[in-house]
Amino acid sequence: MCNRSCTRGYPETSAGKFRTPEVRGTCALRGSAEPSMWAHTPPKQQGMPASSRLCPSATCSLAASTQTHLSPHRRRRRRSRLVSAMAQSRSASPGSSRRSRSTRWSPPALPFDLGMLFGRKQKPGGERLDLGNWVRRVLSRPLQPPPAAEREVEVEAEDEGRDAGNREEVEVGSEEADHLVVMVNGLSGSSSDWKFGAEQFVKRLPGKVYVHRSECNHSTLTFDGVDLMGERLAEEVRQVVQRRRNLRKISFVAHSLGGLISRYAIGKLYEYSVAEESCFNTDKHSDEENVYGGGKLAGLEPMNFIASATPHLGSRWNKQLPFLFGVPLLERTAAETAHFIVGRTGKHLFLSDRDDEKPPLLVRMVEDCDDGKFMSALRSFKRRVAYANITYDHIVGWRTSSIRRQHELPELQLTAKDEKYPHVIHVSTANPECPQEEDSVDASLADSLEEIMIRGLRQVTWERVDVCFHESRLKYNAHYNIQVRTHPTNLEGEDVIYHMIDNFLV
């Protein structure tokens, strides 16, 4: 023990030794031959004033005055606690007191090395891997990719499973049915748009039809243009025909833009038949000759071509896009900016495409050309039907969907004549008899293109079915009611679907 004056002013205990840590000085150079002048400075204690820490005499006098008020019993208890505390401090390492004062918490180490569970050897020197480091090492370890052959097998199996699931979802009907019905959705649509229609076709024509809802053109893929979407649809139909060898007949049921896609696709699927007479003049050929003298589509006999709310004449002219209310400025602006919204499809709908100085695509599709045998394919069907909304359709106008001139539109009626089909207003089974006069056609480019398309499409006979949802609760949703796109939201158009099925040629 240091014998210097570090005990000066300290009260002596009953044992004659100075063991009170609050008032006792410390010699930092204990055992040293040359002690420093700071060797007898008392330790820093919690709650002590600064003057007491710097002056040992003041500390000693304070401690003496404090202990005089303690009873002998409390002194003994306090002395025993301090003795045990000092014994523990001597046995601890030199840096332990400093670590004990630290306020930072460190997680306890695990009692065993978790790496041993994964076959790693125990670290030398008794070192253990704590839980946090082990988790970080496991998560940061790169995963080894499977072998190339195994990866290819997994990808093929996944694709086959997805294709099988999609086929099961988009195809319904009897396996023995030989009549393929292809249903095509419109702009920003999907195969689910025709779910109700497909179910009703199979339910009302059991064992006779096999319905395939096209899935190659959906969502933003419908912005790629009519020609590209028609190519995809034609390839999809070829795959269905190759997969089902028992098919003999084919029909198309399309909605909105899907009607134009279908017209392009059949021009690519058309196969010339020797029995067909290559003449486009309908005045020299009866409907029966046109029906039974046609070619085939992908090797199948064409039966029905049904288009509902399809803009056959495009969306360029007055009131062809009803939500613009016929305002010329809005219609011109829409024609100039449509391609920014719906891509190449917008150019085709507004006839603003001029690829290689050719006429617009919709104009080329009313005749046979290098792009495809469009009119020959359309003529090969035994039946062609155009369903059109009279009013409340703000996307496709009545005139473009029914392939009529403005003065050829029948008198507007809002009530149905047949109670079985409450929304079917008017049905015509022949082209309107209206001789063409020079003063009925404007000299502008737009009207001349429209007249070319009307004349071209009227080379074949069309059935026109006019529909009106005037008394419907959701009459302003007529464009999708005619298809029953969402069930039961558009359920009011179910009688239109029933009308299609009841007049369907099987």
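Residues numbered from 1 in each chain as written. Predicted model: local features only at pLDDT ≥ 70, side-chain atom pairs only at ≥ 80, totals over all residues. Heavy atoms only, no water.

The helix and strand inventory of the protein stands at 18 helices and 12 strands. A burial count over the protein gives 42% of its 506 residues as buried. In the protein, once contacts between residues fewer than 6 apart in sequence are set aside, the share between residues at least 24 apart is 72%. About 28500 Å² of surface is accessible on the protein, with carbon and sulfur atoms providing 53% of the total. (Helix = DSSP H or I, 4+ residues; strand = E, 2+ residues; numbered from the N terminus. Buried < 20%, exposed > 50% of the residue type's maximum accessible area, 1.4 Å probe, protein only. Contact = heavy atoms within 4.5 Å. Areas by Shrake-Rupley, 256 points an atom, 1.4 Å probe, with all protein chains shown as cover.)

Here we take up helix α8 (residues 226-243). Under the 1.5 Å per step criterion, the end-to-end length of α8 is 26 Å for 18 residues, consistent within 8% with the ideal 26 Å. Within α8, the full set of buried residues consists of Val226, Asp227, Met229, Gly230, Leu233, Ala234, Glu236, Val237, Val240 and Val241. (Expected span 1.5 Å × (residues − 1).)

Turning our attention to the packing of α8 against helix α9 (residues 257-269). Closest axis-to-axis distance for the α8/α9 pair is 8 Å, and the angle between their directions is 60 degrees. When the axes of α8 and α9 are compared, the pair comes out oblique. The element α8 and its partner α9 pack so that their crossing is right-handed. On the side of α8, the interface is formed by Val226, Asp227, Met229, Gly230, Glu231, Leu233, Ala234, Val237 and Arg238, while α9 contributes Leu257, Leu260, Ile261, Ser262, Tyr264, Ala265, Lys268 and Leu269. (Axes fitted to C-alpha atoms, helices over the stretch in contact; angles between N-to-C directions. Parallel < 35°, antiparallel > 145°, perpendicular 65-115°, else oblique. Left-handed = near helix turned anticlockwise from the far one by under 90°.)

What follows deals with the pairing of strand β7 (residues 301-308). Among the eight residues that make up β7, seven are buried, leaving the element largely enclosed by the rest of the structure. Bridge analysis of strand β4 (residues 249-255) against β7 gives six bridges, and the strand direction is parallel. Within the sheet, the bridge partner assigned to Lys249 lies in β7 and is Glu301. In terms of strand pairing, β7 meets strand β10 (residues 383-389) through five bridges, oriented parallel. Across the sheet, the residue bridging to Ile306 is Val385, located in β10. (Pairing = 2+ DSSP bridges.)

Before going further, it helps to spend a moment on the side chain of His499. Checked against the element boundaries, His499 lands in helix α18 (residues 494-502). Residue classification places His499 among the buried residues on the basis of a relative accessible area of 7%. Among the polar contacts listed, one links the side chain of His499 to the side chain of Tyr387, at a separation of 2.8 Å. Ignoring any residue separated from it by four or fewer positions in sequence, one finds His499 in contact with Tyr387, Tyr421, Val424, Val427 and Val465. (Polar contact = N/O pair within 3.5 Å; in protein donor to acceptor, adjacent residues only side chain to side chain.)

So, about the nonpolar core. Across soluble globular proteins, you tend to see nonpolar side chains buried next to one another. Within the largest apolar cluster, 57 residues are counted, with the highest numbers of intra-cluster contacts made by Leu180, Leu233, Phe252 and Leu297. Residues contacting Leu233, with those up to four places away along its chain left out, are Val182, Val184, Ser214, Cys216, Asn217, Phe252, Ile261, Ser262 and Ala265. Within the second largest apolar cluster, 29 residues are counted, among which are Leu205, Val467, Val496 and Ile497. (Core = buried A, V, L, I, M, F, W, Y, C linked by side-chain atoms within 4.5 Å.)

When the terminal C-alpha atoms of α9 are compared, their 19 Å separation across 13 residues agrees well with the 18 Å that a helix rising 1.5 Å per residue should span. Looking only at α9, the buried set comprises Leu257, Gly258, Gly259, Leu260, Ile261, Ser262, Arg263, Tyr264, Ala265, Ile266, Gly267 and Leu269.

Pairing is mixed across the open sheet formed by eight strands, whose spatial order is β1-β3-β2-β4-β7-β10-β12-β11. Pairing within the sheet leaves two strands with one partner each, and these edge strands are β1 (171-173) and β11 (424-428). Along the sheet, successive strands turn relative to each other by an average axial angle of 15 degrees, direction set aside. Along the sheet, α8 makes contact with β1, β2 (179-184), β3 (209-213) and β4, crossing β2 at roughly 150 degrees.

It is worth spelling out unusual backbone geometry at this point. Residue Pro488 follows His487 across a cis peptide bond; omega there is 10 degrees. One non-glycine residue with positive phi stands out, namely Ser256, at about 55 degrees. Following the sequence through the fold, Ser256 ends up in the loop between β4 and α9. Since its relative accessible area comes to 8%, Ser256 is described here as buried. Residues other than glycine seldom take positive phi values, yet Leu351 does so here, at roughly 55 degrees. On the secondary structure map, Leu351 appears in the loop between α12 (344-349) and α13 (361-364).

Mapped onto the elements of the fold, Arg364 is located in helix α13. A distance of 2.5 Å separates the side chain of Arg364 from the backbone oxygen of Pro359, its partner in a polar contact. Discounting chain neighbours no more than four positions away, the residues touching Arg364 are Lys358, Pro359, Cys369, Asp371 and Phe374.

All right, on to the packing of aromatic side chains then. Under the defined criterion, the tally for this structure stands at six aromatic pairs. On the numbers, 5.2 Å between centres and 85 degrees between planes, the contact of Phe201 with Phe504 is edge-to-face. Here the residue Phe201 occupies a position in helix α7 (residues 195-204), and Phe504 occupies one in the segment after α18, the gap between them amounting to 303 residues. Just as Phe201 is buried, Phe504 falls in that class too. (Phe/Tyr/Trp six-rings, centres within 6.5 Å; stacked < 30°, edge-to-face > 60°.)

Inspection of the entire model under this criterion finds 18 salt bridges. With its nearest N and O atoms 2.9 Å apart, the salt bridge here joins Asp227 to Arg344. With a gap of 117 residues between them, Asp227 in helix α8 and Arg344 in helix α12 connect regions that are remote in the sequence. One salt bridge in this structure joins Arg405 and Glu451, with 2.5 Å as the shortest N-O distance. A residue pair is termed long-range when its members are at least 10 positions apart, and Arg405 in the loop between α15 (398-402) and β11 and Glu451 in helix α16 (residues 445-457) qualify at 46 residues. (Salt bridge = Lys/Arg side-chain N within 4 Å of Asp/Glu carboxyl O.)

This part covers the pairing of β2. Here β2 lies mainly inside the structure; six of its six residues are buried. Alternating positions in β2 separate into two faces, His179, Val181 and Met183 on one and Leu180, Val182 and Val184 on the other, with burial throughout. Relative to β3, β2 runs parallel, the two sharing five bridges. The residue bridging His179 from the neighbouring strand is Val209, located in β3. Note: β2 against β4, six bridges, orientation parallel. Each bridged residue has a counterpart across the sheet, and for Val184 the counterpart in β4 is Ala254.

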